[in-house]
Amino acid sequence: MNVDVKPILSASLESAETAKTKNIIEMAFDFTAMKWLFSKGSTPKILERLETTFTGLGRLREQGEYDSMHEDFCSWFTQNIDRAQKKKQRASGAAIRKSSYGQAAKVIDIAAKVYVYYCALPSRETAQVLLPLLHGAVDNEIVNHLIRKFPDAG
């Protein structure tokens, strides 16, 4: 009995690549240090959306294309990811707040940097094309520092 192992090996390789990508995206999201800001159950949704978004990175070649993908992610994020509430807020019945555009941008900016720059994905060649298109992750602390450092620049 001859068994063709090529389909089995191909499926195993594909499964390993999928697992590698999922692990890198999860690590990249952890690297943002922002999990605690979002409501319970948000992490799987964010990871799934990052994975879906990053699958399309290989097709992007121009800044406008990358910016459009970035905008789509941030718009989805602000509509679908709630901020975590503190005990006092829950107890007082305070309204649940949606995440901000800046929080969404920081998540995708740092995750994309890890995925593309540090892990050279989706491929080394594509990563080289994507590197100049990536956005820098700038948060309020950085902006406030720059304002203090260069007060006359504004």
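Refer to the structure printed above.
Remember, it's a predicted structure, so these values are computed and weren't measured experimentally.

Our focus in this paragraph is the packing of helix α2 (residues 42–55) against helix α3 (residues 63–80). As a packed pair, α2 and α3 sit with axes 11 Å apart at the nearest point and diverge in direction by 165°. Put simply, α2 runs roughly antiparallel to α3. Seen from above, α2 lies across α3 with right-handed handedness. Contacts between α2 and α3 pair K45, I46, R49, L50 and T53 from the former with M69, D72, F73, W76, F77 and N80 from the latter. Per-class residue counts for the contact of α2 with α3 are 6 nonpolar, 2 polar and 3 charged.

Note on placement: S42 falls in helix α2. Along the backbone, S42 and F77 are 35 residues apart, and their C-alpha atoms lie at a distance of 10.0 Å. Setting aside residues no more than four positions away along its own chain, S42 makes contact with I81 and D82. There is a polar contact of 2.8 Å between the side chain of S42 and the backbone oxygen of S39.

Put simply, α2 and helix α5 (residues 101–118) touch, their axes get as near as 12 Å, and they point 55° apart. In terms of their interaxial angle, α2 and α5 are classed as oblique. Taken as a pair, α2 and α5 cross one another with a handedness that is right-handed. Where α2 approaches α5, its residues I46, L50, T53 and F54 are matched on the opposing element by V107, I108, A111, A112 and Y115. Residues of the contact of α2 with α5, tallied by class, amount to 8 nonpolar, 1 polar and no charged.

For the rest of this paragraph, the subject is the pattern of salt bridges. Counted by the stated rule, this structure contains 4 salt bridges. The partner of K20 in a salt bridge is E17, and the shortest N-O contact between them spans 3.6 Å. In this pair, K20 and E17 both sit in helix α1 (residues 6–31), 3 residues apart, roughly one turn of the helix. Given the relative accessible area of 36%, K20 is considered partly exposed. Take E17: its relative accessible area is 38%, and that puts it in the partly exposed class. Residue K98 pairs with D82 through a salt bridge whose shortest N-O separation is 3.0 Å. Of this pair, K98 sits in the loop between α4 (87–92) and α5 while D82 sits in the loop between α3 and α4; the two residues are 16 residues apart in sequence, bridging distant segments of the chain. On the basis of relative accessibility, which here comes to 46%, the residue K98 falls in the partly exposed class.

The next thing to look at is α2. The end-to-end C-alpha distance of α2 is 20 Å, a good match for the 20 Å that 14 residues give at a rise of 1.5 Å each. For α2, the set of buried residues is S42, I46, L47, L50, T53 and F54. Angularly, the buried residues of α2 cover 130° about the axis, an arc narrow enough to put them on a single face. More than 90 degrees from the buried face of α2, the exposed residues found are P44, E48, T52 and T55.

About the criteria used
Residues numbered from 1 in each chain as written. Predicted model: local features only at pLDDT ≥ 70, side-chain atom pairs only at ≥ 80, totals over all residues. Heavy atoms only, no water. Axes fitted to C-alpha atoms, helices over the stretch in contact; angles between N-to-C directions. Helix = DSSP H or I, 4+ residues; strand = E, 2+ residues; numbered from the N terminus. Parallel < 35°, antiparallel > 145°, perpendicular 65-115°, else oblique. Left-handed = near helix turned anticlockwise from the far one by under 90°. Contact = heavy atoms within 4.5 Å. Nonpolar A, V, L, I, M, F, W, Y, C, P; charged D, E, K, R; others polar. Polar contact = N/O pair within 3.5 Å; in protein donor to acceptor, adjacent residues only side chain to side chain. Salt bridge = Lys/Arg side-chain N within 4 Å of Asp/Glu carboxyl O. Buried < 20%, exposed > 50% of the residue type's maximum accessible area, 1.4 Å probe, protein only. Expected span 1.5 Å × (residues − 1). Arc of directions from axis to C-beta.

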